[in-house]
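Inside the fold
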Amino acid sequence: MRRPDGRSPWLMCAAAPALGQDLGGTWRFRPEMGDQLLLVLEQDSLGNATGSLSIGELRFEVRGVVEGGLLRGTMEGEEIIDRFTARLLGTSLLWQVEGSDAEYAFQSVDDPAPRPEADARAAGGDRFAGTWIGAGVRLVLEGESGTYAGTVTIAGEIWSILARANGTVLVCTVVGKGEAGRLTGVLSGDALMLSGSAASALLHRMPPDSGEMKRPS
C-alpha cells in the first residue's frame with residue numbers, strides 16, 4: 001500500500017507502539033472452539049526468551065530471541081519442531097507459526113476483564129461489522145460470521161478490502177495488493193488496533209445512530 005510517489009500512507013497514522021519491551025509473562029489465547037493455548041515466557045536482558053506453549057495435553061518447549069521487537073524462535077514437541085514469530089500489537093501478543101496464515105492474539109493473564117458495556121455491544125451484533133474510525137483511518141466492514149468486505153480510508157485515499165476473522169484477530173487484504181496490502185486488526189474490548197507495514201492506528205466503532213452514519217435528509 002504505497003502512493004504513486006512511493007510514500008506509505010501509514011506514515012500519516014499514529015506511530016506504532018514501542019515493541020522493545022519485555023515479552024516475558026503468561027499469555028492465553030481462548031479459541032471459540034477447542035483447547036485454549038497457554039504461553040509462558042521468560043526473557044533475559046539480552047533478549048533471549050525461553051518457555052513453554054501448552055495446547056490441551058500437548059506441550060512445546062519454546063526458545064527464541066527478541067530483535068527489534070520481534071520474537072523469532074522454535075517450538076519443539078514430541079516429533080514436532082516448528083518455527084514461529086511473535087510481536088506485540090496493542091495489548092496482544094500476535095503469534096504465527098511459519099508456513100501458516102493464522103495469527104493467534106494472546107492476552108496477558110494479568111489483563112483486566114473486558115468492560116461490561118463492550119460485552120453488551122458485542123452480544124447485540126457482529127464483533128467486527130460496522131464503521132471504525134481513528135487517527136486518520138476509517139474502516140467500514142460489512143458481513144458476518146467472520147467474513148467481510150468493505151473499504152479502508154487512509155489520509156483521504158480509499159481502498160477496497162476483503163477480511164477474515166480468527167477469534168479476536170482480523171486479517172484484511174487490500175483488493176489487488178496481495179501480501180503488500182495486508183492489514184492486521186486486533187480487537188480489545190471496544191477498540192480495534194489496526195496495523196500496517198509502517199504504523200498502527202487505534203480505532204473505535206461508531207454507534208449506528210451517530211452523525212458519521214447518518215445520511216443527509
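The coordinates are above.
What counts as what
- Residues numbered from 1 in each chain as written.
- Predicted model: local features only at pLDDT ≥ 70, side-chain atom pairs only at ≥ 80, totals over all residues.
- Heavy atoms only, no water.
- Helix = DSSP H or I, 4+ residues; strand = E, 2+ residues; numbered from the N terminus.
- Contact = heavy atoms within 4.5 Å.
- Pairing = 2+ DSSP bridges.
- Axes fitted to C-alpha atoms, helices over the stretch in contact; angles between N-to-C directions.
- Buried < 20%, exposed > 50% of the residue type's maximum accessible area, 1.4 Å probe, protein only.

Let us look at the environment of V169. Inspection of the secondary structure puts V169 in strand β13 (residues 169–174). Between the C-alpha atom of V169 and that of G185, which follows or precedes it by 16 residues, the distance is 5.7 Å. Sequence-distant contacts of V169, that is, excluding residues within four places in its chain, are made with L94, E103, Y104, A105, F128, R164, T184 and G185.

Moving on, we get to the sheet that holds strand β8 (residues 104–108). Reading around the barrel, the 8 strands line up as β1-β2-β3-β4-β5-β6-β7-β8 and close back on themselves, with antiparallel pairing between neighbours. Across the sheet, the mean angle from the axis of one strand to that of its neighbour is 30°, orientation sign disregarded. Examined bridge by bridge, strand β1 (residues 25–29) and strand β2 (residues 37–43) share 5 bridges and lie antiparallel to one another. The residue of β2 that forms the bridge with F29 is L37.

The next subject is the sheet that holds strand β16 (residues 200–205). If you trace the 8 strands once around the closed barrel, you get β9-β10-β11-β12-β13-β14-β15-β16, paired in antiparallel fashion. Ignoring strand direction, the axes of neighbouring strands in this sheet form an average angle of 30°. With 5 bridges connecting them, strand β15 (residues 191–195) and β16 associate as antiparallel partners. Counted as the bridge partner of M193 is L202 from β16.

With that out of the way, let us pick up the pairing of strand β14 (residues 182–188). Here β14 lies mainly inside the structure; 5 of its 7 residues are buried. Of the pairings in the sheet, the one linking β13 to β14 comprises 5 bridges and is antiparallel in character. Its bridge partner being in β14, C172 is matched across the sheet by L183. Where β14 and β15 come together, 5 bridges link them in antiparallel fashion. Bridge pairing in β15 links L187 to L192.

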